[in-house]
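Analysis of the macromolecular model
Spelled out from the first residue to the last, the chains are:
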Amino acid sequence: MDVNRRNSAAYPAGQSKKRALTTAGVIVLVIAAAAPLAAMIGNTPLAFETGAGLSMPAGFVLVGLTLLCFAFGYTALSREIVSKGAFYTQVGQGLGRPAGVIAAYAAALAYCAYSLGMAAAFGYFTSLLTKELGYELPWMGCAAFGILTVAFLGYRSLDLSARVLTYFMIAEFSVLLVFDALVLAKLGLSALPLDVWSASQVFNPSIGAIIPFVIVSFLGFEAAALYGEETKNPRRSIPVATYISLAVVVAFYMVSVWIIIGSIGTSEVQPLAARESGNLLFALSNRYGGEVLTAVMGLLLVASMLASFLAVHNAASRYLFALASDHLLPSALANFHPNFHSPHVASVFMTSLQLIVVFGLGMYGVSPYLGIASSMIGLGTIGILAMQIACSLAVVGFFVKAKRGNRVTTRVLPTIGALGLTVCLVLVVNSYQKLTGSDNPLINGLPWVFLPLSLFALVYARWLKINRPNVYAQIAGAQYRPVSERLAVETNYENQYCIIGAGPSGLVMARAFIKEGVPFDCFERHSDVGGLWDPQNPGTPIYESAHFISSKWTSYFYGFPMPDHFPDYPSYKQILDYIRSFARAFGLYDYITFNVEVVSAVPVDGKWKVMLSTGEIRTYAGVVACPGVTWHASIPRIPGADSFKGEIRHSVSYMKPEEFTGKRVLVVGAGNSGVDIACDAAKFADKAFFSVRRGYRFVPKHLFGIPTDVLMSGQVLPPKGVAVSTDVGKMLDTLNGDLTRLGLPKPDHDALSSHPIMNTQILHYLGHGDLIAKPDIKELRGNSVIFKDGSEEEVDLIMLATGYEYKMPFFDPAMFEWKDGRPQLYMNVIHRSERGLYVLGFTEFADAAYRRFDEMAQLIIADVHATETNVARAWLDEQRRTHFPDLRGGKVYIDSPRHANYVHTDTYKRLMAEFRRKLGWPDLDDGSYADLRRPEDGVHRQRGSQKTFTVQSADKQHSTLEAGQ
C-alpha cells in the first residue's frame, strides 16, 4: 500500500491532498486560462488598428512555431525535474541561483501586472455587455465586482474546477465556431481571403507591429508544467498537454482571425477596427448572427475573463507565497489560512494592489482598455517573455552541465526558441506605446523597470549568499523525477565482495548485491542481525528509554514498510523485530556468517586480503564497510577529571534509568541521546542537572496529533483551523517560547543548521524543576562541578552524552584522509584512491536513513558494475579524484564534530540522482526489490544449519539514539 495513502488514512485529522488531474484536465485548464474568446475580442481590434492586420494569421503561425521550439526544451526539462516554481525553478536549475532570483522577481512583477490588466479588462468588457443589454454600468463598478469576487474566491483558494472550465471552453469555442459558420454560410469561400497568405503579408516588413498582440494571446500555455505536477504521470502529461494546448490554440486563433478578416473585407479591416475598437467582434456578431449571438458572446466573454482573472490572481498569489517562503519577499506573505490552506495574505495583498492601482488610474482618467488593461497586460507579457527566453537558455545550460539529452530538443530548438522570443520581446517593447495608447513617458517607460529590478535581484542574491547562506541554498530547489528504466548493461559478475557488518546498512548492501547478482560474503561479529539495536550485542549504545526519532511513516526500507500495529515512534524491541523481519523477508540470513569478525582488510595487488577472527584469510575484489557510527565513545578532556571523586561515564555504557537512583546526576550534551538520558535522570535521580554549551531548538514528535516528519514533509495537510509556518525556526520558537527562561542558552543558529533534537519532554522537566539547566563545565573539583557561569554543584555521577568517534579498526587509518575525525570519501561512500573500498553509513542528515542507505548502496553497485564491465570506469576514476561536490548545497551547519559529515538531504538526493542518470541506473522505489521478497516473513533458516526457527526479540528493553542507526 502506498505510504502516503497510509498516512492519510491513519491521520484523518490531517487532510489528504486533492485528487490528481488527468492529462485532458490539464489541457482544459491551460486553454481556459489562456481565455481564447477574451484574447480574440480584446487583442484582435488592437492588432487590426496597426495597419498590418492582414498578417495576423501568419503571425499566429510564426509565433506558434517559435513557442513550439520553446516547448521542446521546456518539456524536456520538465521531464527531468519537478518544477513547482515553473520559470523560477527552471531558470535557477539551468543558469544558477542568481539568475533564479532575477526570474523570481521578474515573474512576480509580471503576474502582478497581468492581474491588474485583467481587472481593468473585466470591468471594461462587462460595462460594454451591460450597455448592449440596455442598462449600462460604469466600468469601475464592474471592475470592483470582479476584483471582490476574485478576492473572495482567491482568499479561499477556490479555483474553478476542470469540469466547469471544460464547459466554459466548449462554450467559448462553440460561440466562435457558430460565428465562423454563419460568416462562411453567408460569404462562402470569400470568408477565407487568400490575400492573408500572400508573400506580401507573410513577409510583410510591418508584421512586427501585430506580433505583440499575437504573443499576448498565448500567455498561459506554459502553465502545463504547473498543472502537470498534479497528474499521476507528469513526465508524460506535461509534454502531451503542452503540445496539444499549443496546437489547439494556434489552429483556433489562426482560423478565427482569418474568418474575422473575411467577415470585414480586407480593405475595411483597419478603418472598422479604429471605429469600433473593443466593440469590433460584437459589431460583427450583430451583423452576422444578431443580438442573441452577441448577447451570448458577451456573457461568455465576461465569464471567461472572470475565470482567467481568477487564475492569474491565484497564480500571482502563489508566486508571492512561494517567494516569501524562500525568503525573497517579506515572510508575512508566506502565511496561509488555517482553514482554507490558501495563501490568504498574498491574496489580500493582490486584491489591495488591484483596488489601489485600477481605481487610482481610473479616477485619474486613464482608459480601462487602451490604458490600464493594455499597459499592464503588456508589461506582464514582457516579463513572461523574458522568463521564457531565460527558461530556454536554462534548458541548454542544464543539459550541457548534465552532459546528456537529445542535442536537437535540448540545445538546438531551445536556442532557436530563445532567439525567436527575443525578437518578440523587442517588438513588444518597441510597440509598448501603441499597447498603452498613451503619450505619458512615465507609463511608456514601464518596461524598463525590469532592468533595475534585475540589478537589485543580483545584488540581493549576492548578499544572501554571503550573509544568509542557508536561505540562499533554498533558492530554486528542485527534485529529479523518478526514472524506472535501466540503461546500464546487464552482466555476469565474476568477482566476489565482502560486507563487514549486518546492521541496517549491511543488510541493505546485501540485498542490493543479491538483486544485482554480485557474489559476496557478509561477516557479523555478533550472533544475529540488528547491529546496535540488539542490546545483547557487546558495546551497543542502546538504552532503555530511547526511541526512533523519525516516525515509522518515513523510516523504512524500500519495499518493506513498518507494520500498521507499530506506534508512530517504535521502541527498540519493535525496531529490532522489524530489522530481523526484513532480513528474513529477503532471505538475507542465508548470506551472513555470524560470530565471525573481520580483523583486518588490506589492499594487495588490486585485490583485498581480509583476515577473519577465525584466522582465515580470504581475497575479495572489494570491501564494503558497514560498521555503524555509535560504537566508539568520544570523551572530552575536562580539567580536574583525574581527581574527581564521583563517577564519570560515557552514555555508551548507559542502559536503564535505575542507574540514577539515589544519586545527584549531571548529564552533559544536548544531542538526542543526551536529552533522553537527562529526562531519565529527572525522573530517577535525587537531583538532576543538564549541561549544554550552546542553545538548541527542541522539536516535538507530534504536531496537532500528526507525526512531525509526516506533516512537515507534506504527506498530509494540517487539520482544519491550523496554519503551519514555513519558517521552521519561527514555528519552534512560537511553540516552545523563550527557552532562556528555563535556563537554557538562546539558540545561536538556524533551526535546520543542526541535527534535529526530537524531544520536548526535556522542556517539561525543566519547567517543573525536576531538571536544572547548567552551562558548560569549567572544571571538576573534589565532588563538585564548577560551571562557566561560576555556579557550583556537588555531583555523584557525570554522564557524558558527547557523541562518538568514527572508527574502522579493521582498516589502517592512514588509508583515509580525515577531517574532524571523519573519513573523506567521494559522495561519502567511495574511497577516492583505493578502488574497491566503500563505506556505507558514514553520512548524517536530518532525514530517515534507511532509504538513503539503499540509494548509497546503489552507488556502490554502480561502481562495482563499472569495474566488472569497464563501462564508465575511467569516468568514475576521474570523478573520485577530481569531483568534490558540495553535499551541503551551500547550507552552513554548526561547527562541531557531530556535523563534520552532515549533508543537506535534498542536495544529496539530487547528486545521487545525477550519478545514477549518468551511469544509466534507475531510481529505487517500493517495487524495486519485490522479486526478492519471500512469503514466509516470520521464518528464516540459519546459515549452515538445517534448523528452522522464528527469531525472537531480546529480553532487555533498550532502544536507540538516532533514526536510521
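Residues numbered from 1 in each chain as written. Predicted model: local features only at pLDDT ≥ 70, side-chain atom pairs only at ≥ 80, totals over all residues. Heavy atoms only, no water.

Per the secondary structure count, the chain includes 30 helices and 26 strands. Rg of the C-alpha trace for the chain: 33 Å, near the compact-globule value of 30 Å for 965 residues, within the 12% margin. Overall size of the chain, expressed as C-alpha extent along the three principal axes, is 105 × 65 × 45 Å. The buried share among the 965 residues of the chain stands at 58%. Long-range pairs, those at least 24 residues apart, make up 75% of the contacts in the chain with a sequence separation of at least 6. Accessible area for the chain stands at about 38,000 Å²; split by element, carbon and sulfur atoms hold 57% of it. (Helix = DSSP H or I, 4+ residues; strand = E, 2+ residues; numbered from the N terminus. Rg over C-alpha atoms; globule rule 2.2 N^0.38 Å. Buried < 20%, exposed > 50% of the residue type's maximum accessible area, 1.4 Å probe, protein only. Contact = heavy atoms within 4.5 Å. Areas by Shrake-Rupley, 256 points an atom, 1.4 Å probe, with all protein chains shown as cover.)

Notably, Met827 is not glycine yet its phi reads approximately 55°, a positive angle. Looking at the element boundaries, Met827 is found in the loop between β23 (822-823) and β24 (837-839). Judged by relative accessible area, which is 2%, Met827 ranks as buried. Of note in the backbone geometry, Asn828 takes a positive phi value of approximately 60° without being a glycine. Mapping Asn828 onto the fold places it in the loop between β23 and β24.

Note: strand β7 (residues 607-612) against strand β8 (residues 617-620), four bridges, orientation antiparallel. Across the sheet, the residue bridging to Lys609 is Thr619, located in β8. Where β7 folds back onto β8 in an antiparallel hairpin, the turn is made up of four residues, including Gly615, whose phi is positive at roughly 95°. (Pairing = 2+ DSSP bridges.)

With that out of the way, let us pick up the pattern of salt bridges. Throughout the structure, instances matching the rule amount to 29 salt bridges. Residue Glu793 pairs with Lys774 through a salt bridge whose shortest N-O separation is 3.5 Å. One end of the pair, Glu793, is in strand β19 (residues 792-794); the other, Lys774, is in strand β16 (residues 772-774), and 19 residues separate them in sequence. The class for Glu793 is buried, based on a relative accessible area of 19%. Measuring nitrogen to oxygen at the nearest pair gives 3.1 Å for the salt bridge that ties Asp923 to Arg917. Residues Asp923 and Arg917 agree in their burial class; the two are buried. Among the charged side chains, a salt-bridge network with shared partners connects Arg835, Asp863, Arg873, Asp877 and Arg880. (Salt bridge = Lys/Arg side-chain N within 4 Å of Asp/Glu carboxyl O.)

To continue, consider the nonpolar core. Note that soluble globular proteins tend to have their nonpolar side chains buried in a common cluster. Counting residues in each nonpolar core, the largest one holds 148 residues, and the members touching the most others are Phe48, Phe218 and Leu328. The biggest single contributor to this core is helix α6 (residues 97-132), with 23 residues. (Core = buried A, V, L, I, M, F, W, Y, C linked by side-chain atoms within 4.5 Å.)

A separate point is helix α29 (residues 873-882). Every buried residue of α29 is listed here: Arg873, Leu876, Asp877, Gln879 and Arg880. Projected down its long axis, α29 shows its buried positions confined to an angular sector of 160°, all on one face. With respect to the buried face of α29, the exposed residues turned more than 90 degrees away are Ala874 and Arg881. If you follow the buried residues of α29, they end up packed against α28 (850-869) and α30 (905-919). (Arc of directions from axis to C-beta.)

Before going further, it helps to examine helix α15 (residues 344-363). A rise of 1.5 Å per residue sets the reference length of α15, with its 20 residues, at 28 Å; its end C-alpha atoms lie 28 Å apart and thus fit the reference within 8%. In the stretch just after α15, Gly365 is the one whose phi turns positive, near 100°. (Expected span 1.5 Å × (residues − 1).)

This next bit is on the sheet that holds strand β18 (residues 784-787). Paired through their backbone hydrogen bonds, the strands of a sheet run either parallel or antiparallel. In space, the three strands of this open sheet follow the order β17-β18-β19, with antiparallel pairing throughout. If you trace the sheet from one side to the other, it starts and ends with β17 (777-781) and β19, each paired once. Neighbouring strand axes in the sheet, compared pairwise and without regard to direction, differ in orientation by 20° on average. Relative to β18, β17 runs antiparallel, the two being bridged by four bridges. Paired with Ile777 across the strands is Phe787, a residue of β18. (Axes fitted to C-alpha atoms, helices over the stretch in contact; angles between N-to-C directions.)

The next thing to look at is the packing of aromatic side chains. Applying the stated criterion across every chain, the model contains 39 aromatic pairs. Taking 5.1 Å as the distance between ring centres and 10° as the angle between the ring planes, the aromatic pair formed by Tyr654 and Phe660 counts as stacked. Following the ring pairs from residue to residue traces out a cluster consisting of Trp533, Phe548, Phe557, Phe560, Tyr578, Phe582, Phe586, Tyr850 and Phe853. The ring of Phe586 carries the charged tip of Arg511 above its face, separated from the ring centre by 4.6 Å. Taking the ring centre of Phe884 as reference, the NZ or CZ of Arg832 above it sits at 3.9 Å. (Phe/Tyr/Trp six-rings, centres within 6.5 Å; stacked < 30°, edge-to-face > 60°. Lys NZ or Arg CZ within 6 Å of the ring centre and 35° of its normal.)

Strand direction decides the pairing type here: strand β6 (residues 598-604) and β7, joined by six bridges, are antiparallel. Across the sheet, residue Val598 finds its bridge partner in β7, namely Leu612. In textbook terms, the turn of a hairpin is the stretch between consecutive antiparallel strands, and for β6 and β7 this stretch comprises two residues, one of which, Asp605, has a positive phi near 55°.

Residues Leu133, Tyr135 and Leu299 make up a contiguous nonpolar surface patch of roughly 320 Å² in combined accessible area. As for its position among the elements, Leu133 is in the loop between α6 and α7 (139-155). (Patch = residues over 30% accessible without salt bridge, like charges linked within 9 Å, V, L, I, M, F, W, Y side chains within 5 Å.)

Attention shifts here to the sheet that holds β7. Spatially, β6-β7-β8 is the arrangement adopted by the three strands of the open sheet, whose pairing is antiparallel. Looking along the sheet, the strands with just one partner apiece sit at the ends: β6 and β8. On average, adjacent strands in this sheet sit at an angle of 25° to one another, irrespective of strand direction.

Attention shifts here to the environment of Val483. By the element assignment, Val483 lies in the loop between β2 (479-480) and β3 (497-500). For Val483 and Arg235, which are 248 residues apart along the polypeptide, the C-alpha to C-alpha distance reads 9.7 Å. Excluding anything up to four places from it in sequence, Val483 contacts Arg235, Arg917, Pro922 and Asp923.

Relative orientation of the contacting elements helix α22 (residues 504-516) and helix α23 (residues 572-585) amounts to 15°, with a least axis distance of 11 Å. Taken together, α22 and α23 sit at an angle that is classed as roughly parallel. Of the two elements, α22 crosses α23, and the hand of that crossing is left-handed. Contacts between α22 and α23 involve Pro504, Leu507, Val508 and Arg511 from the first element and Ile579, Phe582 and Ala583 from the second. (Parallel < 35°, antiparallel > 145°, perpendicular 65-115°, else oblique. Left-handed = near helix turned anticlockwise from the far one by under 90°.)

Glancing now at the confidence of the model for the chain. The predicted structure's coordinates, where accompanied by low pLDDT, should not be read in detail. Averaged over the chain, the pLDDT score is 85; the fraction of residues at 70 or greater is 92%. When the criterion is pLDDT under 50, residues 1-16 qualifies, and its contacts beyond four places in sequence or with other chains add up to 38 contacts. (pLDDT = per-residue confidence, 0-100.)

Looking now at the side chain of Gln90. Structurally, the position occupied by Gln90 is in helix α5 (residues 87-95). Separated by 3.1 Å, the side chains of Gln90 and Ser78 make a polar contact. (Polar contact = N/O pair within 3.5 Å; in protein donor to acceptor, adjacent residues only side chain to side chain.)

Secondary-structure assignment places Thr726 in the loop between α25 (708-712) and α26 (728-736). For the pair formed by Thr726 and Lys465, sequence separation is 261 residues and the distance between their alpha carbons is 20 Å. Those residues in contact with Thr726, other than ones at most four positions away along the chain, are Phe321, Ser325 and Ala334.

On to a negative patch on the surface, then. Judged by side-chain charge, Asp686, Glu792, Glu794 and Asp796 come together as a negatively charged surface patch. Mapped onto the elements of the fold, Asp686 is located in the loop between α24 (672-684) and β13 (687-691). For Asp686, a relative accessible area of 59% puts it in the exposed group. (Lys, Arg positive; Asp, Glu negative; His and termini not counted. Charge placed at Lys NZ, Arg CZ, Asp CG, Glu CD.)

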